[in-house]
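A look at the structure
Take a look at the letters that make up each chain.
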Amino acid sequence: MTDAEPILVTGAAGFIGFHVTRRLLERGRSVIGLDNLDPYYDVRLKEARLKQLAGFSSFGFERLDIADRAAMAALFSARRFSVVVHLAAQAGVRHSLVDPHAYVDANVAGFLNVLEGCRRQHCRHLVYASSSSVYGANTETPFRTSQPADHPLSLYGATKRANELMAHAYAHLFAVPATGLRFFTVYGPWGRPDMAMWLFTAAVFEGRPVQLFNHGRMRRDFTYIDDAVEAVLRILDRAPPGDPQWSGEGPDPAGSRAPWRLYNVGNGRCSPAMSRKPAPTSRSSSASSASVRTRRSRRGSAASWHGTGTTKK
């Protein structure tokens, strides 16, 4: 792939999509960003991210819903993308309890439209966002890609696991090289306001109690956004060739004879969602007087979410 060839990044106005797009543009790549600006959270944040990207002459934007079959087919017919970074999705574990159809529309039907576009245009590499949520009811930590991931605890996790299986089918049937990245709790600047760190911060500044679920015994593998972006960029030009040594008698769940691969993207460490130790703040800081309210676990969540770190090559 040459720098002049455009890369399609879906979900370009989203948290990870924005950072991936910006890093690609800073490296001189040409990017077509796609997003439907879904109002799942404040659209103004998404518009502000796009405004940051608009300053790059090599950036183009398409406001489009990946679930729109005809529009996606037209996009792939009008432009040829040698590489596709698919980060668009209906996010949020808890919201899938409220609006399950949105998850099937975006994460299953939308992903199928991306796969079809890649197949018809002979895309050389599809890199897509999976999620640590696929590990579901697994209790042996750290989570490894060598473990089965067949018992999701949320519809969101089930749709992400479905993406992995759909991608394998297309890799096997049509030789579409596909790499799935299981992201673990990504955080950082321009992050989603429904994530724990932003919810905690908002509660502190607004004088509300910080809510900790599972009675405060929540642990997560927090991954800084720059590390998540670095994983995407390192994988981008390394399409999986398929493993000729792979065997169905003792199958590696993360590999295949087909050009298909799965990786965890995390920091490899498990940290409490919030430390109960007081932070070293000044007396005038509102954080010094923050109160904490513990609650029972929420449906769809596990107490500990910890994976092996990103494979480095």
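Residues numbered from 1 in each chain as written. Predicted model: local features only at pLDDT ≥ 70, side-chain atom pairs only at ≥ 80, totals over all residues. Heavy atoms only, no water.

**Focus: the overall build of the chain**
Rules: Each helix is a run of DSSP H or I of at least 4 residues and each strand a run of E of at least 2, with the numbering of both proceeding from the N terminus. Under the scheme applied here, a residue whose accessible area is under 20% of the maximum for its type counts as buried, over 50% as exposed, and between as partly exposed, the area being computed with a 1.4 Å probe on protein chains only. Note on definitions: a residue-residue contact is assigned when non-hydrogen atoms from the two residues lie within 4.5 Å. Computed with the Shrake-Rupley method and a 1.4 Å probe, the accessible areas treat only the protein chains shown as cover for residues.
Counting secondary structure elements, the chain contains 7 helices and 14 strands. For the chain, the residues scored as buried account for 46% of the 313 residues in total. Taking all contacts inside the chain whose residues are at least 6 apart in sequence as the whole, residues at least 24 apart take part in 79%. Carbon and sulfur atoms provide 52% of the accessible area of the chain, an area that totals close to 15,400 Å².

**As for the pairing of strand E1 (residues 7–10)**
Side-chain direction in a regular strand flips from residue to residue, so the side chains alternate between the two faces of the sheet. Filter applied, for reference: In short, DSSP must find at least two bridges between two strands for them to pair. Place the viewer so that the strands point away; then a crossover is right-handed whenever the path from the first strand over the helix to the second strand goes clockwise.
Residues Ile7 and Val9 of E1 are buried on one face, and the alternating residues Leu8 and Thr10, pointing to the opposite face, are buried as well. The sheet contact formed by E1 and strand E2 (residues 31–35) spans 4 bridges and is parallel. Paired with threonine 10 across the strands is leucine 34, a residue of E2. Where the polypeptide runs from E1 across helix H1 (residues 15–26) and back to E2, its parallel neighbour, the crossover connection is right-handed. When E1 meets strand E4 (residues 83–86), the two strands line up parallel, connected through 4 bridges. Across the sheet, the residue bridging to leucine 8 is valine 84, located in E4.

**A few points about the side chain of histidine 86**
Rules: Residues adjacent in sequence count toward polar contacts only when both atoms are side-chain atoms; beyond that, a polar contact is any pair of N or O atoms within 3.5 Å, and within protein one must be able to donate a hydrogen and the other to accept it.
Considering the arrangement of structural elements, one finds histidine 86 in strand E4. Within the structure, histidine 86 has its side chain in polar contact with the backbone oxygen of alanine 88 (distance 3.4 Å). Other than its neighbours up to four places away in sequence, histidine 86 contacts Thr10, Ile66, Phe111, Val114, Leu126, Val127, Tyr128 and Ala129.

**A few points about the packing of aromatic side chains**
Cut-off, in case you're wondering: In this analysis, rings of Phe, Tyr and Trp, with Trp reduced to its six-membered ring, are considered paired at centre separations within 6.5 Å, and the interplanar angle assigns stacked below 30 degrees, edge-to-face beyond 60, and tilted for intermediate values. Look at NZ for Lys and CZ for Arg. If either is within 6 Å of the ring centre and within 35 degrees of the ring normal, a charge sits over the ring.
Across all of its chains, the model carries 10 aromatic pairs by this definition. Ring centres of phenylalanine 111 and tyrosine 128 lie 5.3 Å apart, and the angle between their planes is 55 degrees; this geometry places the pair in the tilted category. With phenylalanine 111 in helix H4 (residues 100–120) and tyrosine 128 in strand E5 (residues 125–131), this pair connects stretches of sequence that are 17 residues apart. We classify tyrosine 128 as buried; its relative accessible area is 1%. Linked through ring pairs, Tyr135, Phe143 and Phe184 together constitute an aromatic cluster. Its guanidinium or amino end placed over the ring of phenylalanine 174, arginine 119 lies 4.5 Å from that ring's centre, counting from NZ or CZ. Over the aromatic face of tyrosine 263 sits the side chain of arginine 261, whose NZ or CZ is 5.7 Å from the ring centroid.

**Thoughts on helix H7 (residues 225–236)**
Our working definition: To estimate how far a helix should reach, multiply one less than its number of residues by 1.5 Å.
Compared with an ideal rise of 1.5 Å per residue, which puts 12 residues at 16 Å, H7 spans 17 Å between its outermost C-alpha atoms and is within 8% of the ideal. Ile225, Ala228, Val229, Ala231, Val232, Leu233, Ile235 and Leu236 are the residues of H7 that are buried.

**As for the side chain of lysine 160**
Our working definition: A positive count includes Lys and Arg, and a negative count includes Asp and Glu. His and the chain ends are not counted in either. In the sections that follow, a salt bridge refers to a side-chain nitrogen of Lys or Arg positioned within 4 Å of a carboxyl oxygen of Asp or Glu.
Position of lysine 160 among the secondary structure elements: in helix H5 (residues 155–174). Buried and without a salt bridge, lysine 160 has glutamate 164 as its closest oppositely charged side chain, separated by 8.8 Å. With residues near it in sequence (within four places) discarded, lysine 160 still touches Ala89, Ala129, Ser130, Ser131 and Val134.

**Let's talk about the pattern of salt bridges**
Tallying each qualifying case throughout the model produces 15 salt bridges. A salt bridge links glutamate 116 to arginine 120; the shortest N-O distance between them is 3.2 Å. Residue glutamate 116 and its partner arginine 120 are located together in helix H4, separated by 4 residues, close to a single helical turn. Judged by its relative accessible area of 19%, glutamate 116 falls in the buried class. Connected through salt bridges with shared partners, the residues Arg23, Arg27, Asp226, Glu230 and Arg234 form a single ionic network.

**Considering the packing of helix H3 (residues 69–78) against H4**
Heads up, the rule is: Working convention: axes come from line fits to C-alpha atoms, limited for helices to the stretch in contact. Angles between N-to-C directions cover 0 to 180 degrees. Should an angle fall under 35 degrees it is taken as roughly parallel, and over 145 as roughly antiparallel, whereas 65 to 115 is taken as roughly perpendicular and any remaining angle as oblique. By convention, the crossing between two helices is left-handed when the near helix turns anticlockwise from the far helix through less than a right angle, and right-handed when the turn is clockwise. Charged means Asp, Glu, Lys or Arg here, nonpolar means Ala, Val, Leu, Ile, Met, Phe, Trp, Tyr, Cys or Pro, and polar covers whatever is left, Gly included.
One can describe the packing of H3 onto H4 by two numbers: an axis separation of 9 Å at closest approach and a directional angle of 25 degrees. The angle between the axes of H3 and H4 places the two elements in the roughly parallel class. When you trace H3 past H4, the crossing you get is right-handed. In this structure, H3 uses Arg69, Met72 and Phe76 to contact H4, whose residues at the interface are Asn113, Val114, Gly117 and Cys118. When the residues that make up the contact of H3 with H4 are grouped by side-chain class, the tally is 4 nonpolar, 2 polar and 1 charged.

**Concerning unusual backbone geometry**
That bond from threonine 141 to proline 142 is cis: its omega, 0 degrees, falls within 30 degrees of zero. With respect to the helices and strands, proline 142 occurs in the loop between E5 and H5. Even without being a glycine, histidine 122 presents a positive backbone phi close to 55 degrees. Residue position: histidine 122 is located in the loop between H4 and E5. A residue is classified by how much of its surface remains accessible, and histidine 122, at 63% relative accessible area, is exposed. Within the chain, tryptophan 190 stands out as a residue other than glycine whose phi angle is a positive 65 degrees.

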